[in-house]
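Chain and residue survey
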Amino acid sequence: MNSRYESQGALADLEEAISLHQEALGLCPVGHPNRSCSLNNLASCMNSRYESQGALADLEEAISLHQEALGLCPVGHPSKSCSLNNLGICMKSRYKSQGALGDLEEAISLHQEALELHPVGHPNRPCSLNNLA
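Structure report, in brief.

1. What to know about the overall build of the chain
A count of helices and strands for the chain gives seven helices and zero strands. For the chain, the sequential pattern of α-helices and β-strands runs α-α-α-α-α-α-α. Relative to a compact globule of 133 residues, whose C-alpha radius of gyration would be 14 Å, the chain shows 15 Å and is just as compact. Expressed as lengths along the three principal axes of its C-alpha atoms, the size of the chain is roughly 40 × 35 × 25 Å. Relative to its 133 residues, the chain shows a buried fraction of 39%. A separation threshold of at least 6 residues defines the contact pool for the chain, and within that pool the share at least 24 residues apart is 46%. Carbon and sulfur atoms make up 52% of the accessible area of the chain, which totals about 7300 Å².

Written as structure tokens, this is what we have:
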């Protein structure tokens, strides 16, 4: 549903994707191995809805979900860099919306940490460089 929303822009598809991700998250209680992924998926949809509709509550929810997902990614976790980048993107969005310098500083810090996980030659390094730039 989210892919169709991204392709065609129908808000109903995004709403359905959010509903499905909420249901999936409900099936991944604390301690479930897929909880971090489920949190990231829902957060990404919430951020998409924020970008589309401009409701700050959606961005705040995306940030909260991404923070929880990041908290589930210890050093060496394969999703850590993705979680760092996703949260950094949301923090930068909140900075642009609200103008709080602390949000920008946090976004930069998160993107720097993600970049450190992508040494020269890593396939995700260009993305991390772009996010930090």
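Don't stop here, the text continues.
2. So, the packing of helix 3 (residues 35–53) against helix 5 (residues 80–98)
The interhelical angle for the contact between helix 3 and helix 5, taken along N-to-C directions, is 25°, at an axis separation of 11 Å. Classed by the angle they form, the pair helix 3 and helix 5 counts as roughly parallel. Considering how the two elements wind past one another, helix 3 and helix 5 form a crossing that is left-handed. Seen from helix 3, the contacting residues are S36, N40, S44, N47 and Y50; seen from helix 5, they are S83, N86, I89, C90, S93 and S97. For the contact of helix 3 with helix 5, the residue count by class is three nonpolar, eight polar and no charged.

3. A few points about the side chain of N2
Structurally, N2 is set in helix 1 (residues 2–8). Classification of N2 by relative accessible area gives buried; the value is 18%. Among all residues touching N2, those that are not within four sequence positions of it are L14, A17 and C45.

4. Some words on the packing of helix 6 (residues 101–116) against helix 7 (residues 125–132)
One can describe the packing of helix 6 onto helix 7 by two numbers: an axis separation of 9 Å at closest approach and a directional angle of 160°. Considering the angle they form, helix 6 stands roughly antiparallel to helix 7. Crossing geometry of helix 6 relative to helix 7 is assigned as left-handed. On the side of helix 6, the interface is formed by I108, H111, Q112, A114 and L115, while helix 7 contributes R125, S128, L129, N131 and L132. Classifying every residue of the contact of helix 6 with helix 7 by side-chain character gives five nonpolar, four polar and one charged.

Definitions and cut-offs
- Residues numbered from 1 in each chain as written.
- Predicted model: local features only at pLDDT ≥ 70, side-chain atom pairs only at ≥ 80, totals over all residues.
- Heavy atoms only, no water.
- Helix = DSSP H or I, 4+ residues; strand = E, 2+ residues; numbered from the N terminus.
- Rg over C-alpha atoms; globule rule 2.2 N^0.38 Å.
- Buried < 20%, exposed > 50% of the residue type's maximum accessible area, 1.4 Å probe, protein only.
- Contact = heavy atoms within 4.5 Å.
- Areas by Shrake-Rupley, 256 points an atom, 1.4 Å probe, with all protein chains shown as cover.
- Axes fitted to C-alpha atoms, helices over the stretch in contact; angles between N-to-C directions.
- Parallel < 35°, antiparallel > 145°, perpendicular 65-115°, else oblique.
- Left-handed = near helix turned anticlockwise from the far one by under 90°.
- Nonpolar A, V, L, I, M, F, W, Y, C, P; charged D, E, K, R; others polar.

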